[in-house]
Amino acid sequence: MSDRAVFLSALQSLSSRKVGSTDLCGPFLRALPVAGAAVSTLGDPLGSATVCASDARAARLDEIQIDLGEGPCWDALISREPVLAHDLQRSANERWPIASSALRETGLEAVFAFPLAYGRLGLGAVDLYADEATALSSDDVDDASALAGLAARHVLHRAIRAMDTAVDDQVDSFSRREVHQASGMVSAQLDITVEDALLVLRGHAFATSTPLREVAADVVGRRLDFSE
């Protein structure tokens, strides 16, 4: 079971970390009983790439899954649920047999993947690696999921900032009022802050190549509901 004080410290570290920081793996290592961590984007809308890795081995384990197009990280992304392979050397996985074999060949004992998602957007996954067969407690799973949610926010922020002009599409003053109204509605739908609701709107606009003003209009017109 993770130490609550350590987890809260890691959570605060990730919450207050400057947007765009690539050091997103450290909090996972401090809060959880794992030896390595990697954060990666997978498929649309951000492409497949390692965002950060705690060390060269974690980067290689992440690369194996990205290159093969299968593995626990892909399962976590698709299912939007944690994927917990606590004894990789002794249990084959029929969903990703090639990746399972490749990961076992590295000597890896356990891998835990958590979806990297924000709102409706599935962005990728967080992979946590252990050098011995071990099971995460329910508290560990909850903690890792909470940290993955914060990591997703950072990853999405960075992507949107890089494509800022394409997402905003020259929103005029009238549209800005509608965006503000839509942000309030999404805030209520998802029980999040207005700032985070705006991030959800911008992320949806980015992922669907739709002008932000059109996404806002759909929300205000009740054609788009993020709670559904």
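Since the model is a prediction, treat every value here as computed from it, not as a measurement.

Asker: Before we go on, may I ask you to explain the side chain of Asp-127 in this structure?
Answerer: Within the element layout of this structure, Asp-127 appears in strand E5 (residues 121–130). At 11 Å, Arg-95 is the nearest oppositely charged side chain to Asp-127, a buried residue that forms no salt bridge. Polar contacts involving the side chain of Asp-127 include one to the side chain of Gln-65, which spans 2.8 Å. Looking at Asp-127, its side chain comes within polar contact range of the side chain of Tyr-129, at 3.3 Å. When neighbours within four sequence positions are excluded, Asp-127 is seen to be in contact with Gly-36, Ala-37, Ala-38, Asp-62, Gln-65, Cys-73, Val-111, Phe-112 and Ala-113.

Asker: I'm lost on the state of the cysteines in this one. Help?
Answerer: Among covalent bonds in proteins, the disulfide is the one between the sulfur atoms of two cysteines. One pass over the full model with this rule turns up one disulfide. The disulfide partner of Cys-25 is Cys-52, and the S-S distance across this bridge is 2.4 Å. Around the S-S axis, the bridge from Cys-25 to Cys-52 shows a dihedral of about 100° and counts as right-handed. Of this pair, Cys-25 sits in the loop between helix H1 (4–16) and helix H2 (26–31) while Cys-52 sits in strand E2 (residues 49–53), and the two are 27 residues apart along the sequence. For the pair formed by Cys-25 and Cys-52, the shared burial category is buried.

Asker: Explain the packing of helix H9 (residues 194–208) against helix H10 (residues 212–220) to me, please; I cannot follow it from the model alone.
Answerer: Two measures define how a pair of helices packs: the angle their axes make with one another and the distance between the axes. Orientation of H9 relative to H10, taken along the N-to-C sense of each, is 120°, at an axis distance of 9 Å. As judged from the angle between their axes, H9 and H10 are oblique. Where H9 crosses over H10, the two elements pack in a sense that is right-handed. Only Leu-212, Val-215 and Val-219 of H10 make contact with H9, whose side of the interface consists of Leu-201, Arg-202, His-204 and Ala-205. Residues belonging to the contact of H9 with H10 are distributed by class as follows: five nonpolar, one polar and one charged.

Asker: What is the right way to look at the pairing of E5 in this model?
Answerer: Every regular strand shows the same layout, with side chains that alternate between the two sheet faces. Within E5, ten of the ten residues are buried, which leaves the element mostly enclosed by the surrounding structure. Of the pairings in the sheet, the one linking strand E1 (residues 36–41) to E5 comprises six bridges and is antiparallel in character. By the bridge assignment for E5, Ser-40 is matched with Ala-125. Connecting the antiparallel pair strand E4 (residues 110–118) and E5 is a turn made up of two residues, with Gly-119 showing a positive phi of about 60°.

Asker: Mind showing me how you'd approach the sheet that holds strand E3 (residues 83–85) here?
Answerer: The strands that make up a sheet are held in pairs by hydrogen bonds between backbone atoms, and each pair lies either parallel or antiparallel. Within the open sheet, the five strands sit side by side as E2-E1-E5-E4-E3. Their pairing is antiparallel. Each having just a single partner strand, E2 and E3 make up the two edges of the open sheet. Neighbour to neighbour, the strand axes of the sheet diverge by 20° on average, direction disregarded. Pairing geometry for E1 and E2, over four bridges, is antiparallel. Residue pairing across strands places Thr-41 opposite Ala-49, the latter belonging to E2.

Procedures and definitions
- Within each chain, residues carry numbers counting from 1 in the order of the written sequence.
- Predicted model: local features are reported for residues with pLDDT of at least 70 only, side-chain atom pairs are reported and counted for 80 or more only, and whole-chain, interface and lining totals are derived from all residues.
- Side-chain metrics rest on all non-hydrogen atoms present in the structure, leaving aside hydrogens and water.
- To qualify as a helix, a DSSP run of H or I must reach at least 4 residues; to qualify as a strand, a run of E must reach at least 2; elements of each kind are numbered from the N terminus.
- Residue exposure (1.4 Å probe, protein chains only): buried if accessible area is under 20% of the type maximum, exposed if over 50%, otherwise partly exposed.
- We treat Lys and Arg as the positive residues and Asp and Glu as the negative residues; His and chain ends play no part in the count.
- Basic side-chain nitrogens of Lys or Arg form a salt bridge, by our definition, when they fall within 4 Å of a carboxyl oxygen of Asp or Glu.
- Nitrogen and oxygen atoms within 3.5 Å of one another constitute a polar contact, given that in protein one can donate a hydrogen and the other can accept it, and given that sequence-neighbouring residues count only through two side-chain atoms.
- Note on contacts: a residue pair qualifies if any of its non-hydrogen atoms lie within 4.5 Å across the two residues.
- In what follows, a disulfide is any cysteine sulfur pair within 2.5 Å.
- A fitted line through C-alpha atoms serves as each axis, taken over the contacting stretch for helices, and the angle formed by two N-to-C directions is quoted from 0 to 180°.
- Any angle that falls under 35 degrees is termed roughly parallel, while one over 145 is termed roughly antiparallel, one within 65 to 115 roughly perpendicular, and all others oblique.
- Each crossing gets its handedness from the near helix: less than a right angle anticlockwise from the far helix is left-handed, clockwise is right-handed.
- In this count, Pro and Cys sit with the nonpolar residues alongside Ala, Val, Leu, Ile, Met, Phe, Trp and Tyr, while Asp, Glu, Lys and Arg are called charged and the others, Gly among them, polar.
- Whether two strands pair depends on DSSP finding at least two bridges between them.

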